[in-house]
Amino acid sequence: MQLSDSYSLATPDSSMIIQRVPFGDKTNVPGLVGKPKAPKRPASPLQKSKEGKRAKIGTGASIFERREPPQPPVPTHPAPRLHEQATHRQLRAFVRSGRYQPLSLSTIPVLKSFVSSTTSDVYKIFSAECDTHFELPFSCSYSSSAKKSGRPLLAVSTELGIVEIIDTSKRDATLFPIPRTRFAPHENAIFDVKWSPDDRYLATASGDSSIRITSVVTQKPLYHLAGHKSTVKFAAWDPNNPDLLSSGGRDGTICLWDIRQEPDSTVDGVDILKPVLSIVDAHTHGPNSIKSKKSANLSRSVTSLLYGHEPYTLFSSGSFDGTIRKWDTRQPTTKKDRLLKSSKPIEESDRDATIVGGGKRARGISSMALGEGVVWALGIDSKIHTYPTYLAAPFPHDEATTFSHPDMCTSSFYPRIAGSPCGNWLASGSSDGNLYLFDVGSRQSPTPAGIKLQGHTGEICGLDWASGSLATCSDDRTVRVWRPDAEIIERCRSNPVDEAWNWTWAKDS
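Conventions and cut-offs
- Residues numbered from 1 in each chain as written.
- Predicted model: local features only at pLDDT ≥ 70, side-chain atom pairs only at ≥ 80, totals over all residues.
- Heavy atoms only, no water.
- Helix = DSSP H or I, 4+ residues; strand = E, 2+ residues; numbered from the N terminus.
- Buried < 20%, exposed > 50% of the residue type's maximum accessible area, 1.4 Å probe, protein only.
- Contact = heavy atoms within 4.5 Å.
- Areas by Shrake-Rupley, 256 points an atom, 1.4 Å probe, with all protein chains shown as cover.
- Pairing = 2+ DSSP bridges.
- Axes fitted to C-alpha atoms, helices over the stretch in contact; angles between N-to-C directions.
- pLDDT = per-residue confidence, 0-100.
- UniProt positions renumbered as here; feature names shortened; annotations may be inferred.
- Core = buried A, V, L, I, M, F, W, Y, C linked by side-chain atoms within 4.5 Å.
- Phe/Tyr/Trp six-rings, centres within 6.5 Å; stacked < 30°, edge-to-face > 60°.
- Lys NZ or Arg CZ within 6 Å of the ring centre and 35° of its normal.
- Polar contact = N/O pair within 3.5 Å; in protein donor to acceptor, adjacent residues only side chain to side chain.
- Salt bridge = Lys/Arg side-chain N within 4 Å of Asp/Glu carboxyl O.

*Asks:* Describe the overall build of the protein, and please don't skip the residues or the numbers.
*Replies:* In terms of regular secondary structure, the protein is built from 8 helices and 34 strands. Considering the protein as a whole, with its 509 residues, one finds that 46% of them fall into the buried category. When contacts within the protein are restricted to residue pairs at least 6 apart in sequence, long-range pairs at least 24 apart make up 53% of them. Carbon and sulfur atoms form 53% of the exposed surface of the protein, whose accessible area is close to 27600 Å².

*Asks:* Break down the sheet that holds strand β27 (residues 417-419) for me, with residues and values.
*Replies:* Overall, antiparallel pairing links the 4 strands, which are arranged β27-β28-β29-β30 in an open sheet. Of all the strands in the sheet, the pair left with one neighbour each is β27 and β30 (451-454). Shown here is a sheet whose adjacent strand axes are inclined to one another by a mean of 20°, direction ignored. Of the strand pairs in this sheet, β27 and strand β28 (residues 425-428) are connected by 3 bridges, and their pairing is antiparallel.

*Asks:* Explain the environment of Ser 301 residue by residue, including any values.
*Replies:* Inspection of the secondary structure puts Ser 301 in the loop between α5 (293-296) and β19 (302-307). Residue class for Ser 301 comes out buried when judged on its relative accessible area of 9%.

*Asks:* Let's hear about unusual backbone geometry: which residues, and what values?
*Replies:* A positive phi angle, close to 60°, is found at Gln 219, a residue other than glycine. Inspection of the secondary structure assignment puts Gln 219 in the loop between β11 (210-215) and β12 (221-226). Its identity is not glycine, yet Tyr 312 carries a phi of approximately 70°, on the positive side. Mapped onto the fold, Tyr 312 is located in the loop between β19 and β20 (313-318). Exposure remark for Tyr 312: the relative accessible area of 42% places this residue in the partly exposed category.

*Asks:* Help me get a handle on the environment of Ala 155, residues and values and all.
*Replies:* Inspection of the secondary structure puts Ala 155 in strand β6 (residues 153-158). Take Ala 155: its relative accessible area is 0%, and that puts it in the buried class. Sequence-wise, Ala 155 and Thr 181 are 26 residues apart; in three dimensions their C-alpha atoms are separated by 9.2 Å. In this structure Ala 155 touches Ser 139, Cys 140, Ser 141, Val 163, Glu 164, Ile 165, Val 193, Trp 195 and Leu 202, once residues within four positions along its chain are discounted.

*Asks:* Explain the confidence of the model for the protein to me, and be specific about the residues and the numbers.
*Replies:* Should the pLDDT be low somewhere, the predicted coordinates at that spot are not to be read in detail. In the predicted model, the protein carries a mean pLDDT of 80, and the fraction of residues at 70 or more is 71%. Confidence over residues 74-103 falls short of pLDDT 50; this stretch has 24 contacts with residues more than four positions distant or in other chains. In the model, residues 287-297 has pLDDT below 50 throughout and makes 14 contacts with residues more than four positions away in sequence or in other chains.

*Asks:* Tell me about the sheet that holds β11, and please be specific about residues and values.
*Replies:* The 6 strands lie next to each other as β9-β10-β11-β12-β17-β16, forming an open sheet whose pairing is mixed. Unpaired on one side and paired on the other, β9 (190-195) and β16 (265-267) mark the two borders of the sheet. The mean inter-strand angle of the sheet, taken between neighbouring strand axes irrespective of direction, is 25°. Bridge count for β12 against strand β17 (residues 270-273) is 3 bridges, and the pairing is parallel. The partner of Leu 225 across the bridge, within β17, is Leu 273.

*Asks:* Give me the UniProt feature "repeat: WD" (unreviewed entry) in the protein: which residues, what numbers.
*Replies:* Residues annotated by UniProt as "repeat: WD" (unreviewed entry) correspond here to residues 183-224, 225-267 and 453-482. The distance from the first to the last C-alpha atom of residues 453-482 is 9 Å, and the span holds 0% helix and 63% strand.

*Asks:* Account for the nonpolar core, naming residues and giving values.
*Replies:* Core analysis: the largest hydrophobic core is formed by 16 residues, its most contacted members being Phe 114, Leu 435, Leu 437, Leu 453 and Trp 465. With 3 residues, strand β31 (residues 460-466) is the largest single contributor of residues to this core. In contact with Leu 435, other than residues within four places in its own chain, are Ala 427, Ser 428, Ile 451, Lys 452, Leu 453, Ile 460, Leu 463, Leu 470, Thr 472 and Trp 482.

*Asks:* Describe the packing of aromatic side chains, naming the residues involved and giving the relevant values.
*Replies:* The final tally for this structure, using the stated rule, is 7 aromatic pairs. Considering the side-chain rings of Phe 114 and Trp 465, the 6.0 Å spacing of their centres and the 90° angle between planes classify their relative orientation as edge-to-face. Taken together, the residues span a long stretch of sequence, with Phe 114 in strand β3 (residues 114-117) and Trp 465 in strand β31 at a distance of 351 residues. Take Trp 465: its relative accessible area is 2%, and that puts it in the buried class. The cationic tip of Lys 124 hangs over the ring face of Phe 134; the distance from NZ or CZ to the ring centre is 4.8 Å.

*Asks:* So what's going on with the side chain of Lys 452? Residues and values would help.
*Replies:* Tracing the backbone shows Lys 452 in strand β30. Side-chain polar atoms of Lys 452 contact the side chain of Asp 407, separated by 2.8 Å.

*Asks:* Which residues make up the pattern of salt bridges, and what values go with them?
*Replies:* What the rule picks out here adds up to 19 salt bridges. Note that Asp 121 is salt-bridged to Arg 483, the shortest N-O span being 2.7 Å. Of this pair, Asp 121 sits in the loop between β3 and β4 (122-123) while Arg 483 sits in strand β33 (residues 479-484); the two residues are 362 residues apart in sequence, bridging distant segments of the chain. Of the two residues examined, Asp 121 and Arg 483, each falls in the buried class. Between Arg 260 and Asp 243 there is a salt bridge whose closest N-O contact spans 3.8 Å. With Arg 260 in the loop between β15 (254-258) and β16 and Asp 243 in the loop between β13 (232-237) and β14 (244-249), this pair connects stretches of sequence that are 17 residues apart. Members of the salt-bridge network, linked through shared partners, are Glu 135, Glu 164, Arg 180 and Arg 182.

Structural data, given as structure tokens:
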């Protein structure tokens, strides 16, 4: 069959007809039947020069060139990173909108792999009076370099005012003696010990109402900070300035210190410094305070201090209720006694998380830890509550923002919490002698239950993270180090009876 030089093609609905013209006829090219084609405008010289460079269509080519329809661009929605990109105002609007999608990846299997050797991971502090007795450790702290994969140097303070720096590197059980350095900056109990951001100094908060700054290299005291009227419970260094620190005590006062200032006096080569700023009765008055004569005499000490991600911001918690306050360290003071002119914080939590879930009375907070846009607070109600760093923003205090364990008990102000350097885990001490680990990085809802690690026989009062390890100190007069090890945990689970003599791990999983 021979095709004609001209033919017509009708569409299925016969509303349009497409005609094919004889080859070579370029004078009369019809368009769509019933819809005449608009006349073309004469081409400009520039267009003619461009058309001359195009490839010519050969014989037999159709005037209807086949083209693929343009593909729409694929929309991309990167995961929000609130802690790096959002301001406080954006964070508040983002939480209100409900568009926050939690991560789906859980790290619970990693937390279940934490183990501790019964020989090489256990440390004891010998008494200065008798070598056969051991001292009671009160707190412990890893150096700043240890949190960045450096040498894991752990400072441990005791009830007799002694500090020991221990190298907790993974070692053989037969290695003896253990590398450690010992000095005594106080003659009273040391409730807190902290490394400076540059690891040059150690700050110790003691029951003698003072803070001592000791050189790590020479182990000699350099500064004596005098400003509190009672036991100093907590000390915190400014992460942006190694010369600034703050302290809180049972007198309810927050003191800010600058070790670069001129000393008031010098005793035995130690400079006596006064605080550059004092906030008296930092947690006395609040929305949950009971205004009565009986409550006026209650102790409302400052239990924890925490520097925020923003410069010059300081968070504080108290023993009376679950309210968290934020302070600006640049506020003006009186010239006479350097007291804060106004005792009002710049921000305060909108509600008390310890009574939101049906609590009959407010409970105090014993410790705080800083997260990505949030502050975690360990309450006396045996729960870890979540607060936004923008305290004035409304935040849901429910099971989606609360971490707990059925066996967890924090009935005193000695247990503390600490966040891991990676930001995914949270560790908490407990009065029952167990260590509890929580997955806070995946932000699952509801929050998963914590992992219980059994290794101590007394209340865990101090703990701190390093890169790849966690240290705890307990009333059983021991310091224990925990590490994740997938190979050992499999061996312990396959043969728990024999391995219980060598290791301790999470047995309730």
